[in-house]
Amino acid sequence: SQHFLRIWDRQASDRVDEFVAISQHVADRIKKYYRREAKIIYPPVSLAWGPCLPAGRLPQLTNYYLIVSRLYPNKNIDLAIEAFAKLRLPLVIIGAGPELKKLQATSYKLQAKNIKFLGFVPDEELPHYYQNCKAFLMPQEEDFGITPIEAMSFGKPVLALRKGGACETVIEGVTGEFFDDPISEGLADGVRRLNENYTNYDGEKIKQQARKFSTKRFKNEILKLVYNS
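Given the structure is predicted, the values throughout are model-derived calculations rather than measurements.

Engineer: So what exactly am I meant to see when it comes to the sheet that holds strand β3 (residues 64–68) here?
Structural biologist: Two pairing modes exist for strands in a sheet, parallel and antiparallel, and in both the strands are linked by backbone hydrogen bonds. Strand order in the open sheet formed by 6 strands is β5-β4-β3-β6-β7-β8, and the pairing between neighbours is parallel. Strands with a single pairing partner mark the edges of an open sheet, and in this sheet they are β5 (115–119) and β8 (176–179). When strand polarity is set aside, the average angle formed by the axes of neighbouring strands in this sheet is 20°. By the bridge criterion, 3 bridges tie β3 to strand β6 (residues 133–138) in an arrangement that is parallel.

Engineer: How should the pattern of salt bridges be read in this particular structure?
Structural biologist: Pairs can form between side chains of opposite charge whenever their charged atoms are close. Enumeration over the complete set of coordinates arrives at 8 salt bridges. The partner of Glu 37 in a salt bridge is Lys 31, and the shortest N-O contact between them spans 3.0 Å. Judged by relative accessible area, which is 45%, Lys 31 ranks as partly exposed. In this structure, the salt-bridge partner of Asp 180 is Arg 162, at a minimum N-O distance of 2.5 Å. One end of the pair, Asp 180, is in the loop between β8 and α8 (184–196); the other, Arg 162, is in the loop between β7 (158–161) and α7 (166–169), with 18 residues separating them in the sequence. For Asp 180, a relative accessible area of 45% gives the class partly exposed. Within this structure, Arg 162, Glu 172 and Asp 180 form a network of salt bridges that share partners.

Engineer: Please clarify how the packing of aromatic side chains should be interpreted in this entry.
Structural biologist: Note on aromatic pairs: each is described by the distance of the centres and the angle between the planes. What the rule picks out here adds up to 8 aromatic pairs. Pairing Phe 19 with Tyr 34 gives two aromatic rings, centres 5.5 Å apart and planes at 15°, and the pair type is stacked. Here Phe 19, found in strand β1 (residues 19–21), pairs with Tyr 34, found in helix α2 (residues 24–34); they are 15 residues apart in sequence, far enough to count as distant. Sitting above the plane of the Tyr 198 ring, Lys 134 keeps its charged end 4.9 Å from the centroid.

Engineer: I would appreciate a short explanation of the pairing of β3 in the present structure.
Structural biologist: Along any regular strand, the residues point their side chains to alternate faces of the sheet. For β3, a buried count of 5 out of 5 residues is recorded, marking the element as mostly surrounded by other parts of the structure. Side chains of β3 alternate between two faces, with Tyr 64, Leu 66 and Val 68 and Tyr 65 and Ile 67 buried alike. As paired elements, β3 and strand β4 (residues 91–94) share 4 bridges and run parallel to each other. Bridging across to β4, Leu 66 finds its partner in Val 92. Taking the sense of rotation as the criterion, the β-α-β connection linking β3, helix α3 (residues 77–87) and β4 turns out right-handed.

Engineer: Whenever I open this one, unusual backbone geometry confuses me. Can you help?
Structural biologist: If a residue is not glycine, its phi is most likely negative; likewise, a peptide bond is most likely trans. Although it is not a glycine, Arg 35 adopts a positive phi angle of roughly 55°. As for its placement among the helices and strands, Arg 35 is situated in the loop between α2 and β2 (38–40). Of the residues examined, Arg 35 reaches a relative accessible area of 62% and is grouped as exposed. Here Asn 76, not a glycine, exhibits a phi torsion of approximately 60°, which is positive. Here Asn 76 is to be found in the loop between β3 and α3.

Criteria and cut-off values
Residues numbered from 1 in each chain as written. Predicted model: local features only at pLDDT ≥ 70, side-chain atom pairs only at ≥ 80, totals over all residues. Heavy atoms only, no water. Pairing = 2+ DSSP bridges. Helix = DSSP H or I, 4+ residues; strand = E, 2+ residues; numbered from the N terminus. Axes fitted to C-alpha atoms, helices over the stretch in contact; angles between N-to-C directions. Salt bridge = Lys/Arg side-chain N within 4 Å of Asp/Glu carboxyl O. Buried < 20%, exposed > 50% of the residue type's maximum accessible area, 1.4 Å probe, protein only. Phe/Tyr/Trp six-rings, centres within 6.5 Å; stacked < 30°, edge-to-face > 60°. Lys NZ or Arg CZ within 6 Å of the ring centre and 35° of its normal. Right-handed = clockwise from strand over helix to strand, strands pointing away.

Here it is as structure tokens:
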């Protein structure tokens with residue numbers, strides 16, 4: 001049945017007028033499998049956050065590293081837990097998913113009291129956590145990756161795995177750093193390098209990078225594509 005699906009998929013792809021990819025990473029995949037060029041239009045990222053909620057309503061955490069992610073095996077959250085259990089730096093993990101209890105158990109086993117799991121957090125509360133973190137972590141490969149850009153919109157540097165869409169949105173040494181291998185030692189080394197470079201990050205430059213992925217830019221590019229087709 002997979003054979004027939006592949007045939008159908010290839011025939012359907014031949015009828016496509018134009019492919020649009022959310023990143024060069026995806027465009028490369030389209031070229032590999034369909035032998036077609038794709039126009040890149042990055043997804044819109046909401047940068048128009050409302051005012052942060054009154055501080056007294058939410059946990060008063062400071063100087064922490066932040067992860068905002070669904071908790072699935074491919075998100076590599078376990079790497080961050082293992083790394084921060086050794087680094088003993090504060091880490092806040094926001095998100096829900098089937099891996100939550102397993103990750104909490106790992107954290108407990110490693111006696112990582114510096115790691116806090118906040119579970120699901122509604123969108124209106126996320127600005128509070130972005131605004132008060134020291135830096136944002138993305139230990140997984142994503143086709144694009146919206147949460148790092150949300151963090152950058154608050155002027156926060158990002159540490160990301162050097163794979164996928166992050167390579168197109170994070171500027172090394174300017175808006176954050178990369179680590180090359182999806183292992184806890186690699187992530188821990190990235191944290192150390194980010195800390196060493198921390199005073200060199202310019203919050204305004206980081207915000208400027210985030211603005212490149214605005215909703216207005218997305219609408220303009222989609223309209224241009226439609227009217228020029």
